[in-house]
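Chains, contacts and geometry: an overview
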Amino acid sequence: KMILNFCNRTRPHSNQHTQTAGCEPTTQLVPTITTASMASASYHISNLLEKMTSSDKDFRFMATNDLMTELQKDSIKLDDDSERKVVKMILKLLEDKNGEVQNLAVKCLGPLVSKVKEYQVETIVDTLCTNMLSDKEQLRDISSIGLKTVIGELPPASSGSALAASVCKKITGRLTSAIAKQEDVSVQLEALDIMADMLCRQGGLLVNFHPSILSCLLPQLTSPRLAVRKRTIMALGHLVMSCCNLVFIDLIEHLLAELGRNDNMSTTRTYIQCTAAISRQAGHRIGEYLEKIIPLVVKFCNVDDDELREYCIQAFESFIRRCPKEVYPHVSTVISLCLRYLTYDPNYNYDDEDEDDNAMDAEQNDEDYQGSDDDDDEYSDDDDMSWKVRRASAKCLDAVVASRHEMLPEFYRSVSPALVARFKEREENVKADVFHAFLSLLKQTRPAQAWLNDPDAMEQGETPLTMLQNQVPMIVKALHRQLKEKSVKTRQCCFNMLTELVTVLPGALTTHIPVLIPGIIFSLNDKSSSSNLKIDALACLYVVLCNHPATAFHPHVSALVPPLVACVGDPFYKITSEALLVTQQLVKVRPDSDSFDPSPYIDDVFNCTIKRLKAADIDQEVKERAISCMGQIICNLGDHLPNELPGTLLIFLERLKNEITRLTTVKALTLIAGSRLSIDLRPVLPDAVPILASFLRKNQRALKLCTLAALDILLRNYSSAVTPAMVDAVLAELPPLISESDMHVSQMALSFLSTLAHTHPSALGQLSGGAILSQLIVLVRSPLLQGGALAAMLDFYKALVTTETAGLGYMDVLRMLTGPVYAQSSALGHKQAYCSIAKCVAALTTACPREGPAVVGQFIQDVKNSRSTDSIRLLALLSLGEVGHHVDLSSQPELKTVILDAFSSTSEEVKSAASYALGSIAVGNLPEYLPFVLQEISSQPKRQYLLLHSLKEIIGSSTVAGLKPYVESVWTLLLKHCECQEEGTRNVVAECLGKLTLIDPETLLPRLKGYLLSGDFLKTLEDPDLNVRRVALVTFNSAAHNKPSLIRELLDTILPHLYNETRVRKELIREVEMGPFKHTVDDGLDLRKAAFECMYTLLDSCLDRIDIFTFLNHVEDGLKDHYDIKMLTFLMLARLSCLCSSAVLQRLDRLVEPLRATCTTKVKANSVKQEFEKQDELKRSAMRAVVALLGIPEAEKSPLMAEFQSQIASNQELAAIFDSIQRDSTSANMESMDTS
């Protein structure tokens, strides 16, 4: 009623003034205000201001609410008079008797600050500061909220706004005096709160005030009120993020002096807390003082005061996370303190529990799993603070483990057993942190797998993985006891731990499955347990099933099926979905042997899954998993379900027609069609194949790929049931799929065609002259054709000619392939096209050997014929090479002469093809051709380069047995040419020597090593010759990439040389005069590039052996180097952001600056197009690094990063690049999930 009254009273005014503006009469409560009618805006606002003076609180509330709505509109413009009135009224309403009106008035301050002129904002701030010192508590509270609102609305420090600067300066003076007076504690607390807020948001603007802020804050650290100390610590934490070095030194020296004096325990605690807070906010600055700070903290850690001890250990944690490099010498001290206090529980005795109660007995009954009752009579003492010390120790160990990858072996010796022993901790929160620390240890062990799986790894002895393997029994024993606990949180921690353990060490639990299964079943059956616990238990069971041999689970299937069936029927969709995934994995447990009979469980598993498969009104994820699970059930157990099969396949047919479930159903059908049980799919094929054919024209790549795989396996296994009509339906859809735009889809289509040639050769007749063959010919000429797609193409051509289909015989296909080259209408665009055609010709010839001699003879004539174009010669030579590789061509008498003559061709490509052909033909008959090639190399110095390429082809493609007799003669010949003047020739000789060494490494490797001047590869990294050093780095890079175990132990020696090569050397930069222009040449660039490439490779293979901070120093230099090196270091930075985020975070401020410089560099207007393109590419690459850096938690807290972000947002070009890269990274993640 009251609101209606209000509306009625407002209405005449609105009509009156809107009509004066020449509009239709309106009945809105708030009329729309346009920028054009400032007068009507002021009129409306003054109307609202009038209502705000009403004695009725509801009127005041509504009018304030309307004013807020108006202020939030972008279009509103206020004249000076209205501004003054509105500001005055809002400030008056802050003192309103009604709390709700006050709250609304505070909310109005936000939009108001950005709408009024600067002097009005100062008025607002002045009034708020005065009110904040008022005696009335409510007014104080509302004013401090108002000040925070104003500070929150000011533009960021990076925008250089004069308004923000003047407002902050005004507030600062008032706040420092309020804090320093210490008259009223509540005023002090509010002032400290606002000061912290302002330093956090606008600290950079207050640099001149930092000394006075510091001098007013420091005395508060000894305040009698703990709340004041706490807020002072927060404010100091934000101050050190932006203060200058002198202020920072003053603060640290004050803290050190006070800690050294140690007047009383209470203030000492505060100073320790303050030191930890500074380290958390500005770790990169406090590092150099750690040598003085840490001995003090260690001393206080041994004082008998639990609270002080907790703060000391928290300080250690922040040093370890924020100053990893400087804290390194003290890590072992910190670990031993943490291990000591991890077990610090003076008021409780654990001895009774430590006695071994045969916990590892696999024959335990489920009665054990009723939740242990120890908790009920657990010791309880509210004054006992020791748990906080233990929790701080666990968290500190977590930090040590997460940040010191290189100490993994040491952790497994000392930290791991201690953590496992503490799984029995009585305080739930502490126990969760102990588990988390152990999880961090497991996660740190994971990246090391790449090099540990290197079969040639020479590191014997204890690696982190073998140490973990040895501790598995101890871990399982401790977890087994915890799986019986009542606490849901504890059991969830156990499941997370098991999941991570199995991910790091697949198969580790094989012998412990009998002990763990009852614990998992206990949580699945527990009626009181939360849904999250069940989901974690199922996820754990899934990972365990995936990573262990099926036989390990045979004895437990009977126990696992009932709880799983119950979970599949659970009303909560996430539990159902997870349970279906586990069921699908469990069904795979049936092996080929007859040792396990699944029949007792089949009905239960089938019935619970079919119920979910039939339901239409369930969650999408459940639908998909029910389809996958049923596919697996039929694939593995279909022979036990003869009556249920037909109905189930019909449901699959329905799901195939549904757009949402079709992809999953195609995968399930592929699984069933490939089953070794030969499931009868004939009833559904007439309907299913046409539907599958229609999917080939859908614009969904994953669906096309899966459909082609399904059709291929249906053809292989059900060829008799696939009718010609079905085949025609599929063939009609294939032409658009055979294209260079998607090689993987083309490869799958070609595989399907090859299968078709074997199963339905009669169907190939319609290909003759059709679109499919013409698409194939286009694809053969594509420069992108290689790898799997090329292999599929060759298989298809072999299969095609063996069918002897009319119109598609050997000569017909040969003409199709080579016709365009002989027609001389146009040369093919790319050399790769000639190579692909030649490979196809060879495939046809090996499939039809009778046709070989005639075609080879024709090719020889084509090479001889002086009228042949270079294109014809090129194709003929390559074809001879490819055919000769598989067929012995020694019966062709003039072949050698013809090829050697081609070495004198004017065309470089023909020469290169002749060289390849000679080598490839020699592979077909080594005794005939290899001695000939060796003799030619010795007698024809002018053709040496080409002949050596032929030799390289022979060494690279021959079998070891075939080549063994010739090794010595080839080796001797190669050594003669090692010192050839031509660098190109030397490089080929080097490749030949390398490949030859692999034929007989025991004999040849020591010889090769002997030819290095020093006999030591490492010495070549110090060679005075730039080129030698560069090639040494290339060799090192290759080793780091392919055989990291060779170099891991040498890194301490090699890294200093490597880092040395990343420096820009002034003496290698020279100026070259090119006509009127001077051009700078940097002779050291290639060497630096090789060094940075090595650094990038080491990130993948040897990260744990690198001091990451020294590494980052050189990355930082690279960010300011030449274009090529910048591109490499941007990639490294993105990689480092994922691999060691804490170290990158510590260096963030130093890394942001070069990135910002790259992004804001402008190219000169008169530069060439390439310069613009280069700069554009650099910007995109730098922006990728920025996006990766922002992926680190806490990166946005860095003031420099925040400033750079706002700079990106305000620049249209940079913002567009930033958004597109963010979109790309999310869509890439989605794509990888889609095709997995």
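Note that the structure is a prediction, hence the values are computed from the model and not measured.

Turning next to the nonpolar core. In globular proteins that are soluble, nonpolar side chains generally tend to be buried together. Phe 316, Leu 734, Tyr 797, Leu 951 and Leu 996 are the most contacted members of the largest nonpolar core, which has 345 residues in total. The element best represented in this core is helix α39 (residues 787-802), accounting for ten residues.

Right, let's get into the pairing of strand β1 (residues 1069-1074). Bridge count between β1 and strand β2 (residues 1077-1082): six bridges; the pairing is antiparallel. Considered in β2, the bridge of Met 1074 is made with Phe 1077. Linking two consecutive strands that pair antiparallel, namely β1 and β2, is a turn of two residues; a positive phi of about 65° is found at Gly 1075 within it.

Attention shifts here to the packing of α39 against helix α41 (residues 831-847). The contact between α39 and α41 brings their axes to 9 Å, and the two run at 35°. Remark: the crossing between α39 and α41 carries right-handed chirality. Residues Leu 790, Met 793, Leu 794, Tyr 797, Lys 798, Val 801 and Thr 802 of α39 form the contact with α41, whose own contacting residues are Ser 836, Lys 839, Cys 840, Ala 843, Leu 844, Thr 846 and Ala 847. Each residue belonging to the contact of α39 with α41 can be placed in one class, and the counts come to nine nonpolar, three polar and two charged.

The next subject is the confidence of the model for the chain. Looking at the chain as a whole, the pLDDT averages 82, with 90% of positions reaching at least 70. Below a pLDDT of 50 lies the segment residues 6-37, which in the model reaches 46 contacts outside its immediate sequence neighbourhood of four places, other chains included. Per-residue pLDDT stays below 50 along residues 448-452; that stretch engages in twelve contacts with residues further than four places along the chain or on separate chains.

What follows is about the environment of Arg 1030. Among the structural elements, Arg 1030 can be located in helix α53 (residues 1026-1042). Residue Arg 1030 is classed as partly exposed on the basis of its relative accessible area of 25%. Sequence separation between Arg 1030 and Glu 1061 is 31 residues, and the spatial gap between their C-alpha atoms is 9.2 Å. Among residues more than four places away in sequence, those in contact with Arg 1030 are Glu 983, Asp 1086, Leu 1087 and Ala 1090.

It is worth spelling out helix α50 (residues 983-999) at this point. Counted at 1.5 Å a residue, the expected span for α50 with its 17 residues is 24 Å, and the 25 Å between its end C-alpha atoms agrees. The complete set of buried residues in α50 reads Thr 985, Val 988, Val 989, Cys 992, Leu 993, Leu 996, Thr 997 and Ile 999. Taken together, the buried residues of α50 touch α47 (944-957), α48 (960-963), α49 (967-976) and α51 (1001-1011).

This paragraph deals with the environment of Gly 852. Here Gly 852 shows up in helix α42 (residues 852-864). Spatially, the C-alpha atoms of Gly 852 and Leu 889 are 9.6 Å apart, while their sequence positions differ by 37 residues.

Running from N to C, α42 and helix α43 (residues 870-886) cross one another at 140°; their axes reach a closest spacing of 9 Å. Like other packed secondary-structure pairs, α42 and α43 cross with a definite hand, here left-handed. Touching Val 856, Phe 859, Ile 860, Asp 862 and Val 863 of α42 are Ile 872, Arg 873, Ala 876, Leu 877, Ser 879, Leu 880 and Val 883, all from α43. Classifying every residue of the contact of α42 with α43 by side-chain character gives nine nonpolar, one polar and two charged.

The rules behind the values
- Residues numbered from 1 in each chain as written.
- Predicted model: local features only at pLDDT ≥ 70, side-chain atom pairs only at ≥ 80, totals over all residues.
- Heavy atoms only, no water.
- Core = buried A, V, L, I, M, F, W, Y, C linked by side-chain atoms within 4.5 Å.
- Buried < 20%, exposed > 50% of the residue type's maximum accessible area, 1.4 Å probe, protein only.
- Helix = DSSP H or I, 4+ residues; strand = E, 2+ residues; numbered from the N terminus.
- Pairing = 2+ DSSP bridges.
- Axes fitted to C-alpha atoms, helices over the stretch in contact; angles between N-to-C directions.
- Left-handed = near helix turned anticlockwise from the far one by under 90°.
- Contact = heavy atoms within 4.5 Å.
- Nonpolar A, V, L, I, M, F, W, Y, C, P; charged D, E, K, R; others polar.
- pLDDT = per-residue confidence, 0-100.
- Expected span 1.5 Å × (residues − 1).

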